[in-house]
Amino acid sequence: MKKHNIILWICFIILLAFRLILKGDNSPYWLVLALISSGLSIFLLLKNKLPSRKYIIISVVFAILSMVAYLGYQQNPFILIYGLRAGIPTLLSSFVVFSVMEKQSDYKLLSHETRMSPLISILIAILSGAILSVINILISGQEINFQFSLLKLLICFNPAIYEEMACRAIFMAFCVYCAKEKMNLFDIITMYFMMIVPHTVIHGYELIPTLMLCVLFGFPFAILQRKRDITTAMLSHGIVDAVRFILLGI
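These numbers were taken from a predicted model, which means no experiment stands behind them.

Trainee: Let's hear about the environment of valine 197: which residues, and what values?
Mentor: Note that valine 197 resides in helix α9 (residues 185–201). A C-alpha to C-alpha distance of 9.4 Å links valine 197 and arginine 168, two positions 29 residues apart in sequence.

Here it is as structure tokens:
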């Protein structure tokens, strides 16, 4: 087994240990994953350095949006301090994801193969987001209570950006960097596992609901990131949460 795969599986075991041992609403599952994400990001930053100026700016914007999103929960500027727990991992992971992307060209922020590629990505995101939203509403078992507000849309920037960058894309970047030119089967399995399972585990559900979320949501978002582009996954994820917040509440 390659060293980078061992590192990732150890990270998952640590996360799983926290998940199994600690219970309750205040359990630090999200913090543990944020620390793992930040640690991998710092390691890759030391190896790759910062991305180009364009992607530094995009990274800063992503970090700010992931923090400002918390104002949708609570209209208090001090909530932004709490938002640093998302902003810092988002900034670090975005730096790394874009740095590796520029050097190895193995994935994209937004597809540009043809003039229509960006539009196709948006359409794929809307379609996949709509389908996954219907599934999400159906499996929730909750009654629909339509309540639209811009604040609920603001909240969606957090899962769409923070979760897709710091909880998913960072593992893709780490695997792409460490594999260099070509991944073997176990590299691919490890990459997709880390892109799907840790983020689902930290939601705190029992085994069967967790497996369902991995298959129904984690896998599609990971495929969209890897096979299409990161923007498609982010937009699709944002749509799913926006529909949920508006129809079911926060």
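Trainee: Provide a residue-level description of unusual backbone geometry, including the pertinent values.
Mentor: Positive phi, normally seen in glycine, also occurs at lysine 49, with a value near 70°. When you line up the elements, lysine 49 lands in the loop between α2 (29–48) and α3 (53–68). On the accessibility criterion, lysine 49 (55% relative accessible area) is exposed.

Trainee: Please provide a residue-by-residue account of helix α8 (residues 157–179), values included.
Mentor: Owing to its 3.6 residues per turn, the α-helix aligns residues three or four sequence positions apart on the same side. Over its 23 residues, α8 extends 31 Å from the first C-alpha to the last, a length consistent with the 33 Å expected when each residue adds 1.5 Å. Bending of α8 peaks at approximately 45° at the position of alanine 169. Phi turns positive one or two residues past the end of α8, at lysine 180, with a value near 65°.

Trainee: Would you mind going over the side chain of serine 117 in detail, with residue names and values included?
Mentor: Looking at where serine 117 falls in the secondary structure, it is placed in helix α6 (residues 117–140). Classification of serine 117 as buried rests on a relative accessible area of 4%. A distance of 3.4 Å separates the side chain of serine 117 from the backbone nitrogen of glutamate 113, its partner in a polar contact. Once you skip the residues sitting within four places of it in the chain, serine 117 turns out to touch Ser111, His112 and Arg228.

Trainee: Please give an account of the packing of α2 against helix α5 (residues 84–104) that cites residues and values.
Mentor: Contact geometry of α2 with α5 gives a least axis separation of 9 Å together with a crossing angle of 35°. For the element pair α2 and α5, the recorded crossing hand is left-handed. Touching Trp30, Ala34, Ser37, Ser38, Ser41, Ile42, Leu44, Leu45 and Asn48 of α2 are Arg85, Pro89, Leu92, Ser93, Phe95, Val96, Ser99, Val100 and Lys103, all from α5. Here the contact of α2 with α5 is composed, by residue class, of 10 nonpolar, six polar and two charged.

The rules we used
Residue numbering note: each chain is counted from 1, following its sequence as written. Thresholds applied to this predicted model are a pLDDT of at least 70 for local features of residues and 80 or more for the giving and counting of side-chain atom pairs; totals over whole chains, interfaces and linings are not thresholded and use all residues. The basis for every side-chain value is the complete set of heavy atoms in the structure, and neither hydrogens nor water enter the calculation. Secondary structure elements are defined from DSSP: runs of H or I of at least 4 residues count as helices, runs of E of at least 2 residues count as strands, and each element is numbered from the N terminus. Each residue gets one of three labels from its accessible area relative to the maximum for its type: buried under 20%, exposed over 50%, partly exposed in between, using a 1.4 Å probe on protein chains only. In this scheme, a helix's expected span is set at 1.5 Å multiplied by one less than its residue total. Here the bend at a residue means the angle between the axes of two seven-residue stretches, the one that ends at it and the one that starts at it. Definition of a polar contact: a pair of N or O atoms within 3.5 Å, with one able to donate and the other able to accept a hydrogen when the atoms are protein atoms, and with sequence-neighbouring residues admitted only if both atoms are side-chain atoms. Pairs of residues are marked as contacts when any of their non-hydrogen atoms sit within 4.5 Å. Angles shown run from 0 to 180 degrees and are taken between the N-to-C directions of axes, each axis being a line fitted to C-alpha atoms and, for helices, limited to the stretch in contact. For any pair of crossing helices, the crossing counts as left-handed if the nearer helix is rotated counterclockwise from the farther one by less than a right angle, and right-handed if it is rotated clockwise. By the convention adopted, Pro, Cys, Tyr, Trp, Phe, Met, Ile, Leu, Val and Ala count as nonpolar, Lys, Arg, Asp and Glu as charged, and the other residues, Gly among them, as polar.

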